[in-house]
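Understanding the architecture of this molecule
For reference, the chains in residue letters:
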Amino acid sequence: MADLDAVEDRIWALLEPYRNELEDAMIYGMPSLRWPGSGAHDYFAAVKRSAQKVSLYAIAVDTWPEALEGSSEAFRKRRTGKATFSFPTLDEEMAAELEGFLERLYQPYREHHAG
């Protein structure tokens, strides 16, 4: 059985560098990070844990799908919804992929908000 505490902690650790510019918020009861002053649905990332996985919601991927370019098939298979990426486990290789994806996604998200 996966250690979901470790999976969740790792996802939040990967999101930590973005806290310099983003603010904590809530969306549908999930903790999220968003550009200061942006609307509820304009978040960068939200995290939700269930009994079997930890999900990362990255709604910005719908606007900037090119952030997925270069991602492995294994990473793309973690996409379980329009903007949801589910992680029942998170090994070093998948964490590195997630880190790269977040970096690619944050660039256009930041440019859009910072103007």
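Use the structure listed above.
Attention in this report is confined to the structure presented alongside it.

Reading guide: rules and limits
Along each chain, numbering runs from 1 in the same order as the chain's sequence is written. Given that this is a predicted model, residues contribute local features only at a pLDDT of at least 70 and side-chain atom pairs are listed and counted only at 80 or more, while totals for whole chains, interfaces and linings are drawn from all residues. Values shown for side chains rest on all heavy atoms present in the structure; no hydrogens or waters enter the calculation. Counting from the N terminus, the helices are DSSP H or I runs at least four residues long and the strands are E runs at least two residues long. C-alpha atoms define the radius of gyration in this analysis, and the globule rule sets the expected value at 2.2 Å times the number of residues to the power 0.38. Contact definition: two residues touch when any of their heavy atoms are within 4.5 Å. Note on areas: Shrake-Rupley, 1.4 Å probe, and residue coverage restricted to the protein chains presented here. In this tally, Lys and Arg are treated as positive and Asp and Glu as negative; His is ignored, and so are the chain termini. Charged side chains are reduced to one point each, which is NZ for Lys, CZ for Arg, CG for Asp and CD for Glu. Angles here are taken between N-to-C directions and fall from 0 to 180 degrees, while the axes themselves are lines fitted to C-alpha atoms, restricted in helices to the stretch in contact. Crossing handedness is defined as follows: a turn of the near helix away from the far one that is anticlockwise and smaller than a right angle gives a left-handed crossing, while the clockwise case is right-handed. Residue polarity follows a fixed list, in which Ala, Val, Leu, Ile, Met, Phe, Trp, Tyr, Cys and Pro are nonpolar, Asp, Glu, Lys and Arg are charged, and the others, Gly among them, are polar. In the sections that follow, a salt bridge refers to a side-chain nitrogen of Lys or Arg positioned within 4 Å of a carboxyl oxygen of Asp or Glu. Categorising residues by exposure relies on relative accessible area from a 1.4 Å probe, with only protein chains included: less than 20% of the type maximum marks a residue as buried, more than 50% marks it as exposed, and the intermediate range marks it as partly exposed. Buried Ala, Val, Leu, Ile, Met, Phe, Trp, Tyr and Cys residues that are joined via side-chain atoms within 4.5 Å together make up what is termed a nonpolar core. Each pair of strands is called paired provided DSSP finds at least two bridges between the two strands.

A closer look at the overall build of the chain
The helix and strand inventory of the chain stands at four helices and five strands. Relative to its length of 115 residues, the chain is compact, with a C-alpha radius of gyration of 13 Å against a globular reference of 13 Å. Along the first, second and third principal axes, the C-alpha set of the chain runs to 45 × 30 × 25 Å. The contacts of the chain with a sequence gap of at least 6 include a subset with a gap of at least 24, amounting to 54%. Accessible surface, the chain as shown: approximately 6,300 Å² in total, 48% of it carbon and sulfur. One finds the centroid of the 13 positive side-chain charges in the chain at a distance of 6 Å from the centroid of its 20 negative side-chain charges.

Regarding the packing of helix H1 (residues 4–15) against helix H4 (residues 92–114)
Running from amino to carboxyl end, H1 crosses H4 at an angle of 35 degrees, the nearest separation of the two axes being 10 Å. As H1 packs across H4, the resulting crossing turns out to be right-handed. When H1 is examined against H4, the residues Arg 10, Ile 11, Leu 14 and Leu 15 are found in contact with a partner set consisting of Glu 92, Ala 95, Leu 98, Glu 99 and Leu 102. Of the residues that constitute the contact of H1 with H4, the class distribution is six nonpolar, no polar and three charged.

Description of the pattern of salt bridges
Counted under the stated rule, the structure contains eight salt bridges. Note that Arg 49 and Glu 8 form a salt bridge whose closest N and O atoms lie 3.7 Å from each other. Of this pair, Arg 49 sits in strand S3 (residues 43–49) while Glu 8 sits in helix H1; the two residues are 41 residues apart in sequence, bridging distant segments of the chain. With relative accessibility at 37%, the residue Arg 49 sits in the partly exposed group. With a closest N to O distance of 2.8 Å, Arg 34 and Glu 23 form a salt bridge. Here Glu 23 lies in strand S1 (residues 23–27) and Arg 34 lies in strand S2 (residues 30–34), a separation of eleven residues in the sequence. Residue classification places Glu 23 among the partly exposed positions, given a relative accessible area of 25%.

Some words on the nonpolar core
Grouped together as the largest cluster of nonpolar side chains are 34 residues, with contacts concentrated most on Ile 11, Leu 15, Phe 44, Phe 87 and Phe 101. Among the secondary structure elements, those contributing two or more residues to this core are H1, S3, strand S4 (54–57), helix H2 (60–63), strand S5 (84–87) and H4. Here this core takes eight residues from H4, the largest share from any one element. Residue contacts for Phe 44: discarding those within four places in its chain leaves Leu 15, Tyr 18, Leu 22, Leu 33, Arg 34, Tyr 57, Ala 58, Leu 102, Leu 105, Tyr 106 and Tyr 109.

Focus on the sheet that holds S5
Spatial ordering of the open sheet is given by S1-S2-S3-S4-S5, a layout of five strands whose pairing is antiparallel. Two strands in the sheet have a free side with no partner beyond their single neighbour: S1 and S5. Taking each pair of neighbouring strands and ignoring which way they run, the sheet shows an average axis angle of 25 degrees. With five bridges connecting them, S1 and S2 associate as antiparallel partners. Considered in S2, the bridge of Met 26 is made with Pro 31. Where H1 meets the sheet, it contacts S2, S3, S4 and S5, and its direction lies at approximately 170 degrees from that of S3. Of the strands in this sheet, S2, S3, S4 and S5 are in contact with H4, which crosses S3 at around 145 degrees.

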